[in-house]
Amino acid sequence: MTSPVNPIYRDLGTTIFEVMSRLALQHDAVNLGQGFPDEPGPDDVRQAAADALIDGWNQYPPMLGLPELRRAVADHDRRFYGLDLDPDSEVLVTSGATEALAAACLALLSPDDEVIVFEPLYDAYLPMIRRAGAVPRPVRLDPPDWTLDPQALAAVAGPRCRMVLLNDPMNPAAKVWSPAERAALSALAQERDLIVVCDEVYEHLVFDGQHHAPLMAEAGMAQRCLRIGSAGKTFSLTGWKVGYAVGPQPLVGALAKAHQFLTFTTPPNLQAGVAHGLAKPDGFFADLSARMQAKRDRLAVGLDRLGFQVLPCQGTYFLNIDVADSGMGAEAFCRRLVAEAALAAIPLSPFYDRRPDDQVVRFCFAKQDSVLDMAVDRLAGWLHGRVPPRAAL
Ligand code: PMP
Ligand code: GLN
């Protein structure tokens, strides 16, 4: 029998997040690999969802999302970014940012369209673009600052280019795009008439007094941007998989056409919980980034004391180190670390189209302080030979 699997999936392995989380379980490891917070999420948001589950209507909600959540998204985007969105036609609720991204690729791309992406990139992007029949055109950003080279950008923007897929703040680079970089992207998009899909799931995880600035809010960009958010990140509820996409009606309407035959809807009680959460006062959102910034600093100090080069982290809940001095590639480093020191991290190599022998390792710091301290202790013990090898490579 010929392979029943579409060639794009046939040639794919299992996502690195699942691989490392399975290894973490196997080795009873501290898991700073897959990005998720180890906290329950805000009580009132969970209570609002619980109330809606017990007292509310549990049949299919409206395909575009509960009206109260669409209104809450529009209000949130006005409050934080000054965006003026019509909740009835310019907001779509999705099952996680992942579904919004998939719907954007399916609805907006045609075979052989080209899509500019920036490496290292979130690992779902390439298969989604390819499964939509389109061709990714990666622009590689390099550590430690991951700065965009405008010439490299111009070089990939050919006549078939239709879309830019931008992740700001950027996972796994932990970069926030600078005003100059955003200006370069805006100029290119307007010059070449491109759509920009902005994956902004870490919008409230921006540090050091900076604030997130959506590309959609730049002059001339409102009609060509889709902005995607996720309750998973904003409320530390990654398992809920409630996302949303906002943008001009023609783009959101196109997305809705894909969405109606993907998931059609998202659990109504979770939508109600998120609607409650998005209306929380400014202090809630400021507190989230302040708490995460403190965790970033705690882990950074620990890693720095161990002699690692800690790369800058302006946003997201990820901190990267350069492991070149260890003499190992990032993948070998992570496999040994989990097996020998019971500490899981993520190598950056799977975040590239053509895997380089990468030397950057990512840690998720959205964890209890005691967990972060334990991670640093385990790393120290491993480095100083106090931890006997538990398994062969
Ligand atoms: N985009 C990026 C950059 C991410 O890191 C993630 C991971 N959570 C997602 C999208 C997916 O978000 P969701 O869980 O809401 O689907
Ligand atoms: N976004 C999370 C990360 O980067 C993981 C999401 C997933 O496991 N699919 O770690």
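It should be noted that the structure appears before, not after, this text.
Let me sum up the structure you'll find in this document.

Calculation notes
Residues numbered from 1 in each chain as written. Chains lettered and ligands numbered in written order. Predicted model: local features only at pLDDT ≥ 70, side-chain atom pairs only at ≥ 80, totals over all residues. Heavy atoms only, no water. Helix = DSSP H or I, 4+ residues; strand = E, 2+ residues; numbered from the N terminus. Buried < 20%, exposed > 50% of the residue type's maximum accessible area, 1.4 Å probe, protein only. Expected span 1.5 Å × (residues − 1). Phe/Tyr/Trp six-rings, centres within 6.5 Å; stacked < 30°, edge-to-face > 60°. Near = heavy atom within 4 Å. Polar contact = N/O pair within 3.5 Å; in protein donor to acceptor, adjacent residues only side chain to side chain. Areas by Shrake-Rupley, 256 points an atom, 1.4 Å probe, with all protein chains shown as cover. 1 Å grid on protein atoms, 1.4 Å probe; cavity = no way out; pocket = protein on both sides within 12 Å on 5 of 7 lines; lining within 4 Å. Sits in = over half its atoms within 2 Å of the grid points. Nonpolar A, V, L, I, M, F, W, Y, C, P; charged D, E, K, R; others polar. Patch = residues over 30% accessible without salt bridge, like charges linked within 9 Å, V, L, I, M, F, W, Y side chains within 5 Å. Salt bridge = Lys/Arg side-chain N within 4 Å of Asp/Glu carboxyl O.

### Quick look at unusual backbone geometry
In step 1: Backbone torsion omega between Pro 143 and Pro 144 reads 5 degrees, so that peptide bond is classified as cis.
In step 2: Structurally, the position occupied by Pro 144 is in the loop between β4 (135–140) and α7 (150–156).
In step 3: Note that the residue after Asp 168, namely Pro 169, is joined by a cis bond; omega there is -10 degrees.
In step 4: As for its position among the elements, Pro 169 is in the loop between β5 (161–167) and α8 (179–192).
In step 5: In this model, Asp 28 sits at a positive phi of 50 degrees, which is unusual for a non-glycine residue.
In step 6: On the secondary structure map, Asp 28 appears in the loop between α2 (16–26) and β1 (30–31).
In step 7: Of the residues examined, Asp 28 reaches a relative accessible area of 64% and is grouped as exposed.
In step 8: Its identity is not glycine, yet Lys 241 carries a phi of approximately 55 degrees, on the positive side.
In step 9: With respect to the secondary-structure elements, Lys 241 resides in the loop between α9 (231–234) and β8 (243–246).

### Let's talk about helix α5 (residues 96–108)
Every α-helix winds through 3.6 residues per turn, so residues three or four apart in the chain are directed the same way.
In step 1: Along its 13 residues, α5 runs 18 Å from first to last C-alpha, staying within 8% of the 18 Å computed at 1.5 Å per residue.
In step 2: The set of residues buried in α5 consists of Gly 96, Ala 97, Glu 99, Ala 100, Leu 101, Ala 102, Ala 103, Ala 104, Cys 105 and Leu 108.

### A few points about the packing of aromatic side chains
In step 1: As enumerated under the stated definition, the model contains 16 aromatic pairs in all.
In step 2: For the pair Tyr 202 and Phe 318, a centre-to-centre distance of 5.8 Å together with 75 degrees between the ring planes defines the contact as edge-to-face. With Tyr 202 in the loop between β6 (195–199) and β7 (225–230) and Phe 318 in strand β10 (residues 318–322), the pair connects residues that are 116 residues apart, well separated along the chain.
In step 3: Seen from their ring centres, Tyr 317 and Phe 318 are 5.4 Å apart, and the 75 degrees between their planes marks the pair as edge-to-face.
In step 4: The class for Tyr 317 is buried, based on a relative accessible area of 0%.
In step 5: Members of the aromatic cluster, joined through ring pairs, are Phe 80, Tyr 81, Phe 235, Phe 284 and Phe 285.

### Here's the deal with the site of ligand 2
In step 1: Taken together, Phe 17, Gln 34, Gly 35, Tyr 122, Asn 171, Tyr 202, Lys 233, Phe 318 and Arg 362 make up the full set of residues adjacent to ligand 2.
In step 2: Side-chain polar atom of Asn 171 to an oxygen atom of ligand 2: 2.8 Å apart, as the coordinates give it.
In step 3: Protein contacts shield 79% of the accessible area of ligand 2, which totals 300 Å² for the unbound molecule.
In step 4: Because more than half of its atoms lie within 2 Å of the grid, ligand 2 is assigned to the second largest pocket.
In step 5: For the shell around ligand 2, the residue count by class is 4 nonpolar, 3 polar and 2 charged.

### Examining a nonpolar patch on the surface
In step 1: A contiguous nonpolar surface patch, about 260 Å² in accessible area, is contributed by Val 5, Tyr 9 and Leu 12.
In step 2: Of note, Leu 12 is situated in the loop between α1 (7–10) and α2.
In step 3: Judged by relative accessible area, which is 41%, Leu 12 ranks as partly exposed.

### So, the site of ligand 1
In step 1: Lining the immediate environment of ligand 1, one finds Gly 96, Ala 97, Thr 98, Tyr 122, Asn 167, Asn 171, Asp 199, Val 201, Tyr 202, Ser 230, Lys 233 and Lys 241.
In step 2: Here Ala 97 contributes a backbone N or O atom positioned 2.8 Å from an oxygen atom of ligand 1.
In step 3: At 2.7 Å from an oxygen atom of ligand 1 is found a side-chain nitrogen or oxygen belonging to Tyr 202.
In step 4: Assessed atom by atom at 2 Å from the grid points, ligand 1 resides in the second largest pocket.

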